[in-house]
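Below, each chain spelled out in residue letters.
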There are 4 protein chains.
Amino acid sequence: METYAKIKSVTDAMTDEMIATRRDFHKYAEAGWFEMRTSSIIARKLTEMGVDEVLVGEQVCKKDARMGVAAEDVLEANYQRAVEQDGDPEFLPYTRGGMTGVIGIIRCGEGPTVAMRFDIDALGVIEEQEASHRPAAEGFVSINRGMMHACGHDGHATIGLGVAKTLMAIRDQLHGTVKLIFQPSEEGVRGAKSIVDNGHLDGVDFLIGAHVTGKSNPDDPAVVVPCSHGSLATAKYDIIFHGLAAHAGASPEKGKNVMLAVAAAITNLYAIPRNSGGMTRINVGTVRAGSGRNVIADEAVMEIELRGETTELNDYVVDYARNIVAGAAAMHGCTYEMKLMGAAQSMTSDAELGERIRRVCGEMGLPVSEIASSRNGGSEDFSYMMTRVQEQGGQATFMRVLTKTAAVAHNRRYDFDEAVLPNSVKIFCGTVYDIMK
Amino acid sequence: METYAKIKSVTDAMTDEMIATRRDFHKYAEAGWFEMRTSSIIARKLTEMGVDEVLVGEQVCKKDARMGVAAEDVLEANYQRAVEQDGDPEFLPYTRGGMTGVIGIIRCGEGPTVAMRFDIDALGVIEEQEASHRPAAEGFVSINRGMMHACGHDGHATIGLGVAKTLMAIRDQLHGTVKLIFQPSEEGVRGAKSIVDNGHLDGVDFLIGAHVTGKSNPDDPAVVVPCSHGSLATAKYDIIFHGLAAHAGASPEKGKNVMLAVAAAITNLYAIPRNSGGMTRINVGTVRAGSGRNVIADEAVMEIELRGETTELNDYVVDYARNIVAGAAAMHGCTYEMKLMGAAQSMTSDAELGERIRRVCGEMGLPVSEIASSRNGGSEDFSYMMTRVQEQGGQATFMRVLTKTAAVAHNRRYDFDEAVLPNSVKIFCGTVYDIMK
Amino acid sequence: METYAKIKSVTDAMTDEMIATRRDFHKYAEAGWFEMRTSSIIARKLTEMGVDEVLVGEQVCKKDARMGVAAEDVLEANYQRAVEQDGDPEFLPYTRGGMTGVIGIIRCGEGPTVAMRFDIDALGVIEEQEASHRPAAEGFVSINRGMMHACGHDGHATIGLGVAKTLMAIRDQLHGTVKLIFQPSEEGVRGAKSIVDNGHLDGVDFLIGAHVTGKSNPDDPAVVVPCSHGSLATAKYDIIFHGLAAHAGASPEKGKNVMLAVAAAITNLYAIPRNSGGMTRINVGTVRAGSGRNVIADEAVMEIELRGETTELNDYVVDYARNIVAGAAAMHGCTYEMKLMGAAQSMTSDAELGERIRRVCGEMGLPVSEIASSRNGGSEDFSYMMTRVQEQGGQATFMRVLTKTAAVAHNRRYDFDEAVLPNSVKIFCGTVYDIMK
Amino acid sequence: METYAKIKSVTDAMTDEMIATRRDFHKYAEAGWFEMRTSSIIARKLTEMGVDEVLVGEQVCKKDARMGVAAEDVLEANYQRAVEQDGDPEFLPYTRGGMTGVIGIIRCGEGPTVAMRFDIDALGVIEEQEASHRPAAEGFVSINRGMMHACGHDGHATIGLGVAKTLMAIRDQLHGTVKLIFQPSEEGVRGAKSIVDNGHLDGVDFLIGAHVTGKSNPDDPAVVVPCSHGSLATAKYDIIFHGLAAHAGASPEKGKNVMLAVAAAITNLYAIPRNSGGMTRINVGTVRAGSGRNVIADEAVMEIELRGETTELNDYVVDYARNIVAGAAAMHGCTYEMKLMGAAQSMTSDAELGERIRRVCGEMGLPVSEIASSRNGGSEDFSYMMTRVQEQGGQATFMRVLTKTAAVAHNRRYDFDEAVLPNSVKIFCGTVYDIMK
């Protein structure tokens, strides 16, 4: 119990620092694969704390496994802005070209390996500028127009740094290895898989993630729901059809008309049979095809999104969609590419780990929700990490850390009560201590 | 000129016999691949005339190259009827199973090979029974309900026999080889290719075919248009999709739904791009799919017809249609078969041969149309024979032998003025003599 | 408790009679709208029992509200067979033209109205003829080939007659009105709505239905699950497209091509968006379109089935499907009809009525399943009756009366343990007495 | 013959001036509805010549009948450029907002009305800058990047001014009314109809238009083909679908998905049946639909082009396309707009007027092509003017004025031999004189 007390006092002492950090991240919001300044600052701080090993650049995400990465020139423009916005000069160069993300490792001898994941990217949202929006009123509104921390990942990154600092303060009480994973590009579920593919989740015995979540009842004192489940499996593809242009009046038969391939693909994708195993979703969100009114269209790009209540259901839709896209192209003599732009699996937290969190919180005096596990209606690429750990026999959970919010997530007026920052650090650290003590 | 006179006198002398023969064929009308009685009688008559070689059964059509053949039990039922209707007992057995058609060969030493084609099948039409229809009034209306010579092939077969008899009468004036091809299954363009595939047009120097045709002006004395052109190339397919049945409510995802393949195929077939090279046509005439309202459909049959102004244009449509059918099946995990049920090419008669016919007719005192070549609006599988002969450097023509008709072809009231029979025999024989003298 | 004893003794005394009745119905199986002999015998028996009012013919089902009725000639052929199979001569004429079904009313003065529904139709199944199938071995296999009681409605009709007889025996203990509804055409969910539309469920306070159901554990002594829920709402349509025929080669533009309307309808029906409210199903089960390969198709018939987890979800699909069919026809200048061939709603039994049944069974010594309500995976048009009663503030339930079965329902080897007949009569009558005493 | 001599001498005398004018127009190329500087200079010159009436601004094109007009801000930007490029300050303001085009009227008392049309717009082509391209070498290459006179309309406008000046010189020899129509926006066939709709072709007895055309044989001395025929009828539409956005994962059923309407429209547009009356064309050139991958698409824009060998065939396609677009929208609960962006009819010059031109040229010593009428493979909105005049019983022709060209029309290296300028003026003026003398 002495260690619990220390965790709480250390954490409480750095509350102001955490708020400052969070607001700095909020002001310099960086969207997925652009978190260059953010990553450099995280690496700097971990290094200053004395964390044993700090991985950056290609050590974090497997380069070719990253999904939905912007074009080189866009990456470079974002890098130059990070330079201008005082990214850390030592670590920033490692992030060039979108090699963002940081992993800190604290080695405490023999014992279990406990990993935690903190996602760090902002969204493509234009933040509210009116004074009624606290970040605007208090001067930490995003200055990077079109990028905004509207989903609380500024908080997640801050919590991760807080956890590192508090654990460093109690490291002599710990036995085993701590991995602090600062993941880029969670939005669009683009980043986690490239970290898993680099092997960082291999050998992990316990994995904990969390998302700040608005309370349904603001007077509820609970600070955490220990588990969650039901996150949707998803795959996001860009589908590119290539055909052959021809004059539509003079020689239509000389073309390979991607417009016909597109139309066949759209209708038939939506017509993928319902699955009695559960919910599936298909959406062709955007199409851009053709170059001129009197030209047989020779190129088209479709952005599609597939989902399933489980990984299996999503796989069913993905496999069927592959057949449709291939068939639609073949029908009209076209070729195609299917580029995976983001993906997540379904996931279910381990109840045993959830019970441990509930007990630890009880011992620390932190109120826990009556709900053991809340349902995720969307998708989370933390699922890749959880699946890998569970496949190896490890335990994993994705917690809901509860707070008051100013608007729903992804809204331009989103903001949260920063009390969630120290609370979350305590929950993470108490649980890690309980595992590694 | 003496020979011309002999041709005319021999022919005129057998006019009544030809009319009787034509009316017998008309009364016992047999549709494509069912011309068993008809074939047996033709073979009998050629044999009796002393024609050097009479080919029947598998010697005529290449068995596996026949298109659009009915099921075995249907063939057998038609065979039994031919037996009952006094088909020739010697030759009838060769026709069993739809091996119809006859080829007569007259060998006259060294010289060119001249082939002529006479098609012999009836149509699937129910003949008019009212007395205002001459065949009914005069007792030779078809007694095979649902089969009728409504396109004059009873006349064509009769002309072929007349040509054989007249040429036998002048055979000492001829040098070379005469082939008289009595082709089955011209309707639906199903038979000619199987004769070509058996090699019967190889080495042919001259090829002549003819179709009885109603005069646009009944007072026009002309008896023949020497050439024709522009027949449409076509391919007729049955497309069968195979899928997998499943309960539509309980587990739709377990099926392979041919209904979706059918729908994709239909729309995309009609959407085959227009061709700047000329006219094309696509039709999905019939579809039968599925077994029950609440079952995922697992089998479908579509009857389609493709056409092109030229063989190349038809090939364009056929090739594109193959891609569409394959793609539509692939999209929904189904398999398919594409069965060729009939086919013809485009064709253009040789003007030189046409001029020869004009000259011969002039010498024989037979009036010839001012039109050198008339346009065929439909399809003719004589085109396969013509193409083969022309590819080898031979000359070929498809004549229009003119007559008065009681109704348009394929109509249940169709009939023609039998004066066309001797006229046609004279034109054929005069031309053959001119070539082989 | 004396009345309970009387119910039991009366019922037990007529067990052999009930078995004989059930086997008679089984032997002379009649499918939906053909239950003419069956109806006439039910009416005869109710009349002989002295039931106060026996409704037949157009008094039962509203003529124009019947769905999925066969053509006149088919109805007449079935009527003639019923005459031959000794249908009751007094009542049979009322059923001519498919006006089947019977309602018996027992009037017992003031008090609640309690309705019960017993469906009476057979399925379009060819019954197993082997001796291993008890009906074959014991001589009551269906002699009407292609019609079989493979879903236990022979039992339901028999139970209804048993309930009538037992209630007549205790009628002096009852206060109110009893309605015994013998419904035709439940298979394909075609009959119930036409009874509701005739007003027979108006003013009903309590409604009880039941379906014989195979026990999952044959040793389970339970005889009933008092409630059920979750039956799927459904609508079954025949969609007929009318176009205009034209020659596909000569003048395709003169046609109105239903083939194109069919293809557009199929794909787009399957593409009706998934609904976040729950499960929906769409199936185009069969299509028959077109008359010939070279003719623009001018008529098509599609059999489709729509389903939803709830009535609202089904309505969503139905409304969307209407738009699609109308749009598909309009696109190609065609007209269409959408004929409702069957329909059902979703339904949920009233737990209070279920508890009453549980209590009554307890008092009567009949074992009740631990399950309060079982889930219906399919569709039931009893739902129309239940919905009407619940809308008026009444209570309704659809019970599962448990038995051993020889095969799954709808299988050609289906049979059930006839002990379910007296058990069911006791449950119905005990509950009715409890309500009306 | 004296007048012919005068026409020739006046024209020859102004050849250098015409070349300068043509090069000025070429340098300041303005695309359709942007011909503001061009129009202002034409109006200035006509006024200076003393033409009786000079119509500008809304007097020329009917404002709402203009097709394919750019957005207001784009029009304004082009207007500002015209101001900067020294458009005529008196007339330029009339052209603001794309009210371009000029009509000059010369009144010569009683007599026939003779109209001539000269189109004045450039294309959206980036002109070649290399010195091997004469306009670049000689300093009159377009300085308005992305706009180029690559179809000779700079020449047409110049010829029109030359005709005006020459006719003014012989006006005392003329009887009747001359209308010189300087039409904007011929490219994309967007302008002519709005001039016709303003009534300017009503009462016209003779109408002459011309297009500079490369000679197939550069040594051919002929300067004109007097007639042309066969121009394709066409209609160009922008189709906008409006739906309703919804979250594709959370509530797809709440959207109205334009993506489905787009797909249905595309496939079914291409499936419009071929027409036995002649050639038709359909192209969906471009599609832009949807706003995000996980959003039900609520807006789509398609650019389509329809064509027919005749006005009737084009109308067939247009009418069918309307049904398809309406049906596709209706199927998915969407609304739509169909905006006509350009249109032309088919046209056939009057041979009698062609013969007059041939005779006049003979009298003037100008060599005329042996070809009486050349075939137009593309579309021309002069057809609207010709149709109107012919409907009223007038005569019209569209000449080919022959020249040497450096590349095919619409190519970035296009240029023509300026000798065509005086030649054309002589042909126009000689013919007008012959009519009005």
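Quick note: structure is the one above.
The sections below set out a description of the structure shown in this document. (Residues numbered from 1 in each chain as written. Chains lettered and ligands numbered in written order. Predicted model: local features only at pLDDT ≥ 70, side-chain atom pairs only at ≥ 80, totals over all residues. Heavy atoms only, no water.)

### Observations regarding the environment of C:Thr405
All names here are of chain C. Within the element layout of this structure, Thr405 appears in the loop between β13 (395–403) and α13 (420–436). Thr405 sits 12 residues away from Asp417 along the chain, and the two C-alpha atoms are 6.4 Å apart. Among residues more than four places away in sequence, those in contact with Thr405 are Gly214, Tyr414, Asp415 and Phe416. (Helix = DSSP H or I, 4+ residues; strand = E, 2+ residues; numbered from the N terminus. Contact = heavy atoms within 4.5 Å.)

### Regarding the pairing of strand β5 (residues 206–214) of chain C
All names here are of chain C. Most of β5 is tucked away: eight of the nine residues are buried. As paired strands, β5 and β13 are joined by nine bridges and run parallel to one another. The residue bridging His211 from the neighbouring strand is Arg400, located in β13. (Buried < 20%, exposed > 50% of the residue type's maximum accessible area, 1.4 Å probe, protein only. Pairing = 2+ DSSP bridges.)

### Quick notes on the sheet that holds strand β11 (residues 335–344) of chain A
Pairing is antiparallel across the open sheet formed by eight strands, whose spatial order is β11(A)-β8(A)-β10(A)-β9(A)-β9(D)-β10(D)-β8(D)-β11(D). Either end of the sheet is taken by a strand with one partner, and the two such strands are β11 of chain A together with β11 (335–344) of chain D. Strand-to-strand twist of the sheet, defined as the mean angle between neighbouring strand axes without regard to direction, takes the value 25 degrees. Looking at chain direction, strand β8 (residues 233–242) of chain D and strand β10 (residues 299–308) of chain D are connected through 10 bridges and run antiparallel. Within the sheet, the bridge partner assigned to D:Lys236 lies in β10(D) and is D:Glu305. On the sheet, helix α10 (residues 311–331) of chain D packs against β8, β9 (280–289), β10 and β11 of chain D and is oriented at approximately 5 degrees with respect to β8(D). (Axes fitted to C-alpha atoms, helices over the stretch in contact; angles between N-to-C directions.)

### Describing the interface of chain A and chain B
Contacts between the two partners involve 22 residues from chain A and, on the opposite side, 22 residues from chain B. Both sides together, the interface formed by chain A and chain B hides about 1,700 Å², and carbon and sulfur atoms give 58% of it. Considering only the side of chain A, the residues that lose the most area to chain B are A:Glu253, A:Ser276 and A:Met331, jointly responsible for 33% of the buried surface there. Scanning the region where chain A abuts chain B turns up zero salt bridges. Where chain A touches chain B, the interface holds eight residue pairs in polar contact (both at pLDDT 80 or more). Elements with a minimum of two residues in the side of chain A that touches chain B: α9 (258–270) and α10 (311–331) of chain A. The leading source of residues in the side of chain A that touches chain B is α10(A), at eight residues. (Buried area = accessible area lost by both parts, 1.4 Å probe. Salt bridge = Lys/Arg side-chain N within 4 Å of Asp/Glu carboxyl O. Polar contact = N/O pair within 3.5 Å; in protein donor to acceptor, adjacent residues only side chain to side chain.)

### Here we look at the pattern of salt bridges
A full pass over the atoms with the stated rule returns 131 salt bridges over all chains. In this structure, the salt-bridge partner of C:Glu303 is B:Arg293, at a minimum N-O distance of 3.8 Å. Residue C:Glu303 is located in strand β10 (residues 299–308), and its partner B:Arg293 is located in the loop between β9 (280–289) and β10 (299–308); the two belong to separate chains. The residue C:Arg413 makes a salt bridge to C:Glu128 at a minimum N-O spacing of 3.7 Å. Taken together, the residues C:Arg413 in the loop between β13 and α13 and C:Glu128 in the loop between β3 (113–119) and α6 (134–137) connect sequence positions 285 residues apart. You can call C:Arg413 partly exposed: its relative accessible area is 29%. Residue classification places C:Glu128 among the buried residues on the basis of a relative accessible area of 11%. Within this structure, A:Arg22, A:Arg23, A:Arg134, A:Glu138, A:Asp154, A:Asp415 and A:Glu418 form a network of salt bridges that share partners.

### Some remarks on the interface of chain A and chain D
Listed as interface residues are 35 residues of chain A and, on the opposing side, 35 residues of chain D. For the pair chain A and chain D, the number of links is four salt bridges. For A:Asp238, the salt bridge is made with D:Arg293, and the minimal N-O distance between the two is 2.8 Å. Linking chain A with chain D are 20 residue pairs in polar contact (both at pLDDT 80 or more), by the criterion used here. Where the side of chain A that touches chain D is concerned, the elements lending two or more residues are β8 (233–242), α9, β9 (280–289) and β10 (299–308) of chain A. No other element matches β9(A), which puts eight residues into the side of chain A that touches chain D. The residue inventory of the side of chain A that touches chain D, partitioned by class, reads 16 nonpolar, 11 polar and eight charged. (Nonpolar A, V, L, I, M, F, W, Y, C, P; charged D, E, K, R; others polar.)

### Details of the relation of the copies chain A and chain D
Note on the identical chains: chain A maps onto chain D by a rotation of 179 degrees and an axial translation of 0.1 Å, with an RMSD of 0.2 Å. The transformation relating the two chain copies, once decomposed into turn and shift, fits a two-fold axis. In terms of proximity to the rotation axis, the leading residue of chain A is A:Ala263, whose C-alpha is 2.0 Å off the axis. Comparing contact sets, 100% of the residues at the interface of chain A also lie at the interface in chain D, consistent with an isologous, same-surface contact. (Least-squares fit on C-alpha atoms with pLDDT ≥ 70 in both.)

### Quick look at the packing of aromatic side chains
For any pair of aromatic rings, geometry is given as the distance between the ring centres together with the angle between the planes. For the structure on display, the rule yields 24 aromatic pairs over all chains. Where C:Phe118 meets C:Phe428, the ring centres are 5.1 Å apart and the plane angle is 55 degrees; that geometry is what we call tilted. Of this pair, C:Phe118 sits in strand β3 while C:Phe428 sits in helix α13; the two residues are 310 residues apart in sequence, bridging distant segments of the chain. In this pair, the class of C:Phe118 matches that of C:Phe428, namely buried. Between D:Phe382 and D:Phe398, the ring centres sit 5.0 Å apart and the planes meet at 35 degrees, which makes this aromatic pair tilted. One end of the pair, D:Phe382, is in helix α12 (residues 382–391); the other, D:Phe398, is in strand β13 (residues 395–403), and 16 residues separate them in sequence. Every member of this aromatic cluster is reached through a ring pair, and the members are A:Phe118, A:Phe182 and A:Phe428. Taking the ring centre of A:Trp33 as reference, the NZ or CZ of A:Arg66 above it sits at 5.5 Å. (Phe/Tyr/Trp six-rings, centres within 6.5 Å; stacked < 30°, edge-to-face > 60°. Lys NZ or Arg CZ within 6 Å of the ring centre and 35° of its normal.)

Coordinates in, geometry out; function isn't part of it.
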